[in-house]
Amino acid sequence: MKTSFFVDERCFWHSGGGNYALTLPVGGLIQPMAAGGFPESPESKRRMKNLMDVTGLSKELTEKTAPEATWEDLLRVHPEAYLKKFKTMSDDSGGVLGRVTPFSPGGFEIATLSAGLVKGALFEVLKGRCDNAYALSRPPGHHCLPDYPNGFCLLANIAIATEAALAEGLAGRVAVLDWDVHHGNGTEAIFYDRDDVLTISMHQERNYPMDTGDAEDRGVGAGDGFNMNIPLPPGGGHALYLDAMERLLLPALSAFQPDVIIVACGFDAAAVDPLSRMLVTAQTFREMTAMVMDAADDLCDGRLVMAHEGGYAEAYVPFCGHAVLQQMSGSMIEAEDPFGETFAARQPSERLQRMHASFIDDLESLFF
């Protein structure tokens, strides 16, 4: 098995700028943080790559970079007025666009590079140059609307890559599976009236954004039935995620018959993430990866792309990412999860797991 890993040091240099405490700027009763406080820092991604280097997993992957997404690529998703405003601010001193999306000088170029890494990974898979690919993209993209960035996302990375592939005839039907703990509202909005892109978001209900992601939101017009939201209750863990995959996501993928599957791979459902209240472990991500790989083998000759999204627990994201890439590549190199036993002991009780199963029952009846 050949897995391409798209990464570029420049993406680690993206800066939100300023001083934040979680997602709020400091001021008033919000005290400054010692190290800036912005959760979307480079450290979780850099440490993930560092762990892969130390274990030797990186050497079993085909490491690549990619050029920035082109202006033409961007215009398929974002209006020119937004792009020009973003570029002008980036060329000056940076600033803040939309909601909670600050950036420093040069932020535009780094954001286009992040989108370019996802595009490069997708094209690599669709052109048959590798079996699957992972893009360690930063800044993330799944919250970005065409003209309104939010949730740390300045450009819609996956949508930009998807539109480029469709425009060049490399694919006709694309499935986007988003298991970031926050609702993939940007990707949903961009393809909401389309039937050539299936968008599925499995997320913690009413986390972020707090007004999107309802199960009843299925798309409009030609896109009716081609959007699926799976809002999960806080406290859901390993068993709930695998049950949702087995009973909801995989059947939806099978019914759609995509040419390629793209996963918005956020690790912020992990048990110690500061921006979620879920109990997912590295083993959960490993098993979900195995499930979606099997689906890709059955549906689209194994064509699978992972695009990095959220994940803010700097100590734990590396083990989640390592598990995913070990599974994708078929490597025997394992990074033993030092937190795994502790997190396994914190999984929901049998009573809660029965309640969670009933929740999936309700969604299953709604969707199918």
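As a reminder, the structure under discussion sits directly above these lines.
What counts and how
- Residues numbered from 1 in each chain as written.
- Predicted model: local features only at pLDDT ≥ 70, side-chain atom pairs only at ≥ 80, totals over all residues.
- Heavy atoms only, no water.
- 1 Å grid on protein atoms, 1.4 Å probe; cavity = no way out; pocket = protein on both sides within 12 Å on 5 of 7 lines; lining within 4 Å.
- Points joined across faces, edges and corners; volume = space filled by probe spheres on them.
- Nonpolar A, V, L, I, M, F, W, Y, C, P; charged D, E, K, R; others polar.
- Helix = DSSP H or I, 4+ residues; strand = E, 2+ residues; numbered from the N terminus.
- Expected span 1.5 Å × (residues − 1).
- Bend = angle between axes of the 7 residues up to and from the residue.
- Buried < 20%, exposed > 50% of the residue type's maximum accessible area, 1.4 Å probe, protein only.
- Contact = heavy atoms within 4.5 Å.
- Pairing = 2+ DSSP bridges.
- Axes fitted to C-alpha atoms, helices over the stretch in contact; angles between N-to-C directions.
- Core = buried A, V, L, I, M, F, W, Y, C linked by side-chain atoms within 4.5 Å.
- Disulfide = S-S within 2.5 Å.
- Phe/Tyr/Trp six-rings, centres within 6.5 Å; stacked < 30°, edge-to-face > 60°.
- Polar contact = N/O pair within 3.5 Å; in protein donor to acceptor, adjacent residues only side chain to side chain.
- Patch = residues over 30% accessible without salt bridge, like charges linked within 9 Å, V, L, I, M, F, W, Y side chains within 5 Å.
- Areas by Shrake-Rupley, 256 points an atom, 1.4 Å probe, with all protein chains shown as cover.
- Salt bridge = Lys/Arg side-chain N within 4 Å of Asp/Glu carboxyl O.
- Lys, Arg positive; Asp, Glu negative; His and termini not counted.
- Charge placed at Lys NZ, Arg CZ, Asp CG, Glu CD.
- Parallel < 35°, antiparallel > 145°, perpendicular 65-115°, else oblique.
- Left-handed = near helix turned anticlockwise from the far one by under 90°.

A. Representation of the layout of surface pockets within the structure. When its volume is computed, the largest pocket comes out at roughly 370 Å³. Considering only residue class, the lining of the largest pocket consists of 10 nonpolar, nine polar and four charged.

B. Examining helix α7 (residues 238-256) more closely. For α7, built from 19 residues, the straight-helix expectation of 27 Å at 1.5 Å per residue is met to within 8% by its first-to-last C-alpha distance of 26 Å. Remark: the principal bend of α7, roughly 40°, maps to M245. For α7, every residue scored as buried is listed here: L240, Y241, L242, A244, M245, R247, L248, L249, L250, A252, L253 and F256. Buried positions along α7 lie against β8 (174-178), β9 (197-204), β10 (227-232), β11 (260-265), α8 (282-300) and α11 (350-367). Where α7 ends, the next residue or the one after it, Q257, has phi of about 55°, a positive value.

C. Expanded view of the sheet that holds β9. Strand order in this open sheet of eight strands is β4-β1-β7-β12-β11-β8-β9-β10, and the pairing throughout is parallel. Two strands close off the open sheet at either side, each with one partner strand: β4 (62-64) and β10. Across this sheet, the average inter-strand angle for adjacent strands is 15°, counted without regard to direction. For strand β1 (residues 3-6) and β4, the ladder comprises three bridges, and the chain directions are parallel. Each residue of the ladder has a partner; that of F5, found in β4, is E63.

D. Highlighting the nonpolar core. Membership of the largest hydrophobic core comes to 66 residues, with the highest contact counts inside it found for Y134, W179, M202, I230, L253, I261 and M306. If one sorts the elements of this core by residue count, α7 sits on top with 11 residues. Not counting residues up to four positions away in its chain, the partners in contact with W179 are M202, M245, V263, A264, C265, G266, F285, M288, T289, V292 and M306. In this structure, A111, L126, A156 and A159 belong to the second largest nonpolar core, which totals 49 residues.

E. Molecular detail of the state of the cysteines. Tallied over the entire structure, the rule returns zero disulfides. Summary of cysteine pairing: C11 is not part of a disulfide, and the nearest cysteine sulfur, belonging to C153, is at 13 Å. Of the cysteine sulfurs around C153, a residue in no disulfide, the closest is that of C144, at 6.8 Å. The exposure class assigned to C153 is buried, which follows from its relative accessible area of 0%.

F. Layout of the packing of aromatic side chains. Across all of its chains, the model carries 14 aromatic pairs by this definition. Taken together, a centroid distance of 5.1 Å and an interplanar angle of 80° make the contact between F86 and F108 edge-to-face. One end of the pair, F86, is in helix α3 (residues 80-91); the other, F108, is in helix α4 (residues 107-126), with 22 residues separating them in the sequence. The pair formed by F86 and F108 is uniform in burial state, with each residue classed as buried. Measuring from ring centre to ring centre gives 5.8 Å for F339 and F343, while their planes differ by 10°; the resulting arrangement is stacked.

G. Local environment of the side chain of E40. Within the secondary structure, E40 sits in the loop between β3 (24-25) and α1 (43-55). Judged by its relative accessible area of 2%, E40 falls in the buried class. Here K45 takes part through its side chain, which lies 2.8 Å from a polar atom of the side chain of E40. Within polar-contact distance, the side chain of E40 engages the side chain of R138 at 2.9 Å. The residues touching E40, leaving out its near neighbours within four places in the chain, are H14, K45, R138, P140, F152 and Y312.

H. Fine view of a negative patch on the surface. Residues D131, D294, D297 and D298 make up a contiguous surface patch of negative charge. By the element assignment, D297 lies in helix α8.

I. Fine view of the packing of α4 against helix α5 (residues 157-167). Running from amino to carboxyl end, α4 crosses α5 at an angle of 45°, the nearest separation of the two axes being 8 Å. By the angle class used here, α4 and α5 are oblique. Where α4 crosses over α5, the two elements pack in a sense that is right-handed. Packed against α4, whose contacting residues are A111, S114, A115, V118, K119, L122, F123 and L126, the element α5 presents N157, I158, I160, A161, T162, A164 and A165 at the interface. Here the residues of the contact of α4 with α5 are counted per class, giving 11 nonpolar, three polar and one charged.

J. How the structure looks around the packing of α7 against α8. Two elements in contact, α7 and α8, have axes separated by 10 Å at closest approach and are oriented at 15°. Taken as axis vectors, α7 and α8 run roughly parallel relative to one another. The two elements α7 and α8 cross, and the hand of that crossing is right-handed. On α8, the residues that touch H238, Y241, L242, M245, E246, L250, L253 and S254 of α7 are Q283, T284, E287, M288, M291, V292, A295 and L299.

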